[in-house]
Each structure stands twice: as structure tokens, then as C-alpha cells.
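Next come the chains, spelled out residue by residue.
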Amino acid sequence: MGNLTVRALRAVLAVVLTGTVCVQALMVWALGNDPEDGSLPLTPLRVITILGMVSAQVALVCVWRLVTMVRRGTVFSHAAFRYVDRVIWAIVAAAVLWFAVTAVNAPGQREDPGVTVIMGGIGLAILGVALIVLVLRMLLAQAVALDGEAAQMRAELDEVI
């Protein structure tokens, strides 16, 4: 991974992390200061938003750590699994929170239930991303195993030479 790529990715991660913190701060402020007018259940939506930002922040920090491991050349180790697993669980948590938003929003969509169906489909797509990351985790596991075998073969070859 090139130095420019690492810097660009870190810049994007930092901007998104800053954005999520700002959204959380605004939602916490709104919980205490902005009265509901009764048209939408705003308090549950705000709490879900705050929790959703936490799941995004967990994923962002873990990706940052994985990028650091890639740059150092240590990503093909068992330590990387901890971060990949956290990313998977953060994505699953985001999907569960999206389904909660769908459930909170559903009573207001009685005339147009298609919105609720579309929102449910988006939740399934989020779960699909978690499954894709799980497949990538399996590929990482194979790469770590192959890297270990290669190291063992190099050590055996060094003994022969």
C-alpha cells in the first residue's frame, strides 16, 4: 500500500470520524433542548442515531488500525482478526439499528408501505456488507496460514543450506 494511499485513506477516516462526533453532539443537544411536535417519534430516532454513530466510529477506528498494520507489514497476523471481527460486529450493529429505525418509522408509512419495504431492503444490504467482510476475514485467515507455512518452509530451507 503506497504512502499516498495511506495518507488519503487516513484523511477520509479522520473527516468521517469528525463528522460522526459532530452528529452525535448535535443529537445529544437535541435530546435535551428540541421539543417534539408529535409528527415523528424524534427521541427514539435520535438515540438510534447516536448509537449508529458509535458503531460507525468503532468500524473507523478498526480500519485505521488495520491500515497501520498494512503499512507496517504486520496485517497477516492473528492480531488483525481482532479488528476485522470488530468491524463485522459494528456493521451488524448498524444493520440492527437500521431495522430499529425502520420499525420506528413504519407506523407513519401506512399509506405508503413501500418505504418500509425499501428500508428493510437497505437493512438486508447492510447485513450483506457484514457477510462480505466475513468472507474477507476468511481470506485473511487463509493468507495468515499460508504466511505461516511459508515462514516454516524458509526456516527449514535455511537449516538445509
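Residues numbered from 1 in each chain as written. Predicted model: local features only at pLDDT ≥ 70, side-chain atom pairs only at ≥ 80, totals over all residues. Heavy atoms only, no water.

## Comments concerning the environment of Glu156
- Topologically, Glu156 is positioned in helix α4 (residues 114-160).
- Under the relative-accessibility criterion, Glu156 is labelled partly exposed at 43%.
- In this structure, the C-alpha to C-alpha distance between Glu156 and Leu136, residues 20 residues apart in sequence, is 30 Å. (Helix = DSSP H or I, 4+ residues; strand = E, 2+ residues; numbered from the N terminus. Buried < 20%, exposed > 50% of the residue type's maximum accessible area, 1.4 Å probe, protein only.)

## Details of the packing of helix α3 (residues 79-105) against α4
- Where α3 meets α4, the closest approach of the two axes is 9 Å, and the angle between their N-to-C directions is 175 degrees. With respect to each other, α3 and α4 are oriented roughly antiparallel.
- Of the residues belonging to the contact of α3 with α4, the class tally is 25 nonpolar, 5 polar and 2 charged. (Axes fitted to C-alpha atoms, helices over the stretch in contact; angles between N-to-C directions. Parallel < 35°, antiparallel > 145°, perpendicular 65-115°, else oblique. Nonpolar A, V, L, I, M, F, W, Y, C, P; charged D, E, K, R; others polar.)

## A word on the pattern of salt bridges
- Summed over the entire model, instances satisfying the criterion amount to 1 salt bridge.
- The partner of Asp85 in a salt bridge is Arg137, with the nearest N and O atoms 2.5 Å apart. Residue Asp85 is found in helix α3, and its partner Arg137 is found in helix α4; the two are separated by 52 residues along the sequence.
- Taking the relative accessible area as the measure of exposure, Asp85 reaches 25% and is therefore partly exposed. (Salt bridge = Lys/Arg side-chain N within 4 Å of Asp/Glu carboxyl O.)

## Quick word on a positive patch on the surface
- Where like charges cluster on the molecular surface, the positive patch consists of Arg65, Arg71, Arg72, Arg82 and Arg86.
- Secondary structure elements with two or more residues in the positive patch: α2 (42-72) and α3.
- For Arg86, the position within the fold is in helix α3. (Patch = residues over 30% accessible without salt bridge, like charges linked within 9 Å, V, L, I, M, F, W, Y side chains within 5 Å. Areas by Shrake-Rupley, 256 points an atom, 1.4 Å probe, with all protein chains shown as cover. Lys, Arg positive; Asp, Glu negative; His and termini not counted. Charge placed at Lys NZ, Arg CZ, Asp CG, Glu CD.)

## What to know about α4
- Its 47 residues give α4 an end-to-end C-alpha distance of 69 Å, which sits within 8% of 69 Å, the value for a rise of 1.5 Å per residue.
- Restricting attention to buried positions, one finds in α4 the residues Met119, Gly120, Gly123, Ala130, Val133, Leu140 and Val144.
- The elements touched by buried residues of α4 are α3. (Expected span 1.5 Å × (residues − 1). Contact = heavy atoms within 4.5 Å.)

## What about the nonpolar core?
- Core analysis: the biggest nonpolar cluster contains 15 residues, and Leu66, Met69, Ala80, Val84, Val133 and Leu140 have the highest contact counts within it.
- Of all the secondary-structure elements, those providing two or more residues to this core are α2, α3 and α4.
- Looking at this core element by element, the count peaks at 7 residues for α3.
- Leave out the neighbours within four places in its chain, and Leu66 touches Val75, Ala80, Tyr83 and Val84.
- In terms of nonpolar packing, the next biggest core, distinct from the first, is built from 5 residues, Leu45, Ile48, Leu97 and Met119 among them. (Core = buried A, V, L, I, M, F, W, Y, C linked by side-chain atoms within 4.5 Å.)

## As for a nonpolar patch on the surface
- On the surface, Ile132, Val135, Leu136 and Leu139 cluster together to form a nonpolar patch covering roughly 380 Å² of accessible area.
- For Leu136, the position within the fold is in helix α4.

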